[in-house]
Amino acid sequence: MERGPAGVDGAGPPTPGVRGSRRLLAAGLAAVVILLAVIAVLAARLSGAASGASAHAATPSPTPTSAASLTVPGIYQRVAPSVVIVRTRGGLGTGVIVADDGTILTANHVIASGGTITVTFADGTTANATVAAAEPKLDIAALTPAKLPQVVVSATLGGGAGVGASVVAIGNPLGLIDSVSAGVISGLDRTADTNNGKFSGLIQFDASVNPGSSGGPLLDAHGLVIGIVVSLAAPDGQDAFAGIGFAVPIGAALGAGGGKGPGKGPQI
C-alpha cells in the first residue's frame, strides 16, 4: 500500500517549518503579556503621581498675618517728623502730632503750670499753642498750634500692646532734644502712685525716659503709637529713671477731652 506525503495525514512527524512558527507565536504572546504588565505598572505610578501633585497644588501656602517689624532706626526715621518740643514756663516736654490738622497730644502736667505754650516742629517751625482739651485724670492734653509747618506729618496710631513686645520712646529727656530709647513692655494695666494722685490702666515699659520725655510717643515694633508717656517710677522720690516708665494707652488718650483747661499729673 502506498502512503501519502508525511505530515499531511498525521501519520508522519510535523515539518520543521510548522514547529518554528508555533514557537515564534508563543514567544510573541509572552512578550505582549509582559509589555501590557509594564504599561499597567507605569500607568498606576503616573496616576498616583498626578494625584499627589493635585493634592499638593490644592494646599494653600502660609500667608503673612502682619507687616514686618522695623529696626529702631527705621522706627525713629518714620516717627521723628511727627514729634514736637513743648515748652511752657514750667519747663519742657514732648508732644506728638496725631491728626492732619496738626492736633498734638502731650501729657497734661507738661502744660499744667499755665502761661504761654510754645511748640517746635521737627522742621524748626515754632508756634504758640492753645489747650484744645485736657483730662487731668488721665494726664493727657490736646493742643492746637496757631501755625503749622509747610508739611504736616501725623503719626500712625496703633492698637493693643502685649507684655514682652518691643517698644521705642522718643522725647526730650533732661533737655536732650530728639532722643530715642528702646525696651520692652513690662506690664499692662498698671497704677502709678504719684504726689498728684493715682493714674491707672497704664502701660509699664523699660525704655529709658526722664523729665522732658513726658508727652512723647511710645511706639511698637511697626512704628505705631500705642501710648503717650506720662510718668516714671522713681525710688526714694528721685527723678532719675529706674527702669520703670508708664504710658497712657493710645485708645484712652484719644478719648480724653471731656475736661477743659490744665490740670496736674506725674511730674517728669
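These numbers come from a predicted model, not from an experiment.

Visitor: When you look at the nonpolar core in this model, what are you seeing that I'm missing?
Guide: Nonpolar side chains tend to gather and get buried jointly when the protein is soluble and globular. Residues Val86, Leu105, Val119, Leu143 and Ile228 are the most contacted members of the largest nonpolar core, which totals 37 residues. When residues in this core are grouped by element, the largest group, four residues, is from strand S6 (residues 140–145). For Ile228, the residues in contact, after removing those within four places along its chain, are Val96, Leu105, Thr106, Ala107, Ile140, Gly215, Gly216, Phe246, Ala247, Val248, Ile250 and Ala253. The next biggest cluster of nonpolar side chains, apart from the first, holds 12 residues, and it includes Ala169, Ile203, Phe205 and Val229.

Visitor: Would you take a moment to explain the pairing of strand S7 (residues 166–171) for this structure?
Guide: A regular strand places its side chains on the two faces of the sheet in alternate fashion. Counting buried positions along S7 yields five of six residues, so the element is predominantly enclosed. Across two bridges, the pairing between S7 and strand S10 (residues 217–219) is antiparallel. Looking at S10, one finds that Val168 is bridged to Leu219.

Visitor: Quick question: what am I supposed to make of the sheet that holds strand S1 (residues 83–88) here?
Guide: Backbone hydrogen bonds hold the strands of a sheet together, and the pairing may be parallel or antiparallel. With antiparallel pairing, six strands are arranged side by side around a closed barrel as S1-S2-S3-S6-S5-S4. With strand direction ignored, the average angle separating the axes of adjacent strands in the sheet is 40°.

Visitor: So what exactly am I meant to see when it comes to unusual backbone geometry here?
Guide: As a rule of thumb, non-glycine residues mostly have phi less than zero, and peptide bonds are mostly trans rather than cis. Phi angles above zero are rare outside glycine, and Asp139 is one such case at about 60°. Looking at where Asp139 falls in the secondary structure, it is placed in the loop between strand S5 (126–135) and S6. Phi at Asp178 is positive, roughly 60°, even though this residue is not glycine. You can see Asp178 is positioned in the loop between S7 and strand S8 (179–194). With a relative accessible area of 36%, Asp178 lands in the partly exposed category.

Visitor: Would you mind going over the side chain of Asp139 with me for this structure?
Guide: According to the relative accessible area criterion, Asp139 is buried, its value standing at 0%. A distance of 2.7 Å separates polar atoms of two side chains, one belonging to Asp139 and the other to His109.

Visitor: Even after reading the chapter, I still don't get the confidence of the model for the protein, so can you show me in this structure?
Guide: If pLDDT is low for a region, its predicted coordinates should not be looked at in detail. Across the protein, pLDDT averages 78, with 67% of residues at or above 70. A low-confidence stretch, residues 1–16 stays under pLDDT 50, and its non-local contacts, those more than four residues away or across chains, total five contacts. Counted against residues more than four places away or in other chains, residues 257–268, with its pLDDT under 50, gives 47 contacts.

Thresholds applied
- Sequence order as written defines residue numbering, which begins from 1 separately in each chain.
- Per-residue local features of the predicted model are confined to residues with pLDDT of at least 70, and side-chain atom pairs are confined, for both listing and counting, to 80 or more; whole-chain, interface and lining totals are unaffected and use all residues.
- With hydrogens and water excluded, all non-hydrogen atoms of the structure serve as input to the side-chain values.
- As used in this record, nonpolar core signifies buried Ala, Val, Leu, Ile, Met, Phe, Trp, Tyr and Cys residues forming a set joined through side-chain atoms within 4.5 Å.
- Relative accessibility under 20% of the residue-type maximum defines a buried residue, over 50% an exposed one, and the middle range a partly exposed one, all with a 1.4 Å probe and only protein chains included.
- In this description a helix means any DSSP run of H or I spanning at least four residues, a strand means any run of E spanning at least two, and both kinds are numbered starting from the N terminus.
- By definition in these notes, contact holds between two residues if any of their heavy atoms fall within 4.5 Å.
- Strand pairing is assigned whenever DSSP detects at least two bridges linking the two strands.
- Lines fitted to the C-alpha atoms define the axes, with helices restricted to the stretch that makes contact. Angles between their N-to-C directions range from 0 to 180 degrees.
- Here a polar contact is taken to be a pair of N or O atoms separated by no more than 3.5 Å, where protein atoms must pair a possible hydrogen donor with a possible acceptor and residues adjacent in sequence count only if both atoms sit in side chains.
- What pLDDT reports is the predictor's confidence in each residue, on a scale of 0 through 100.

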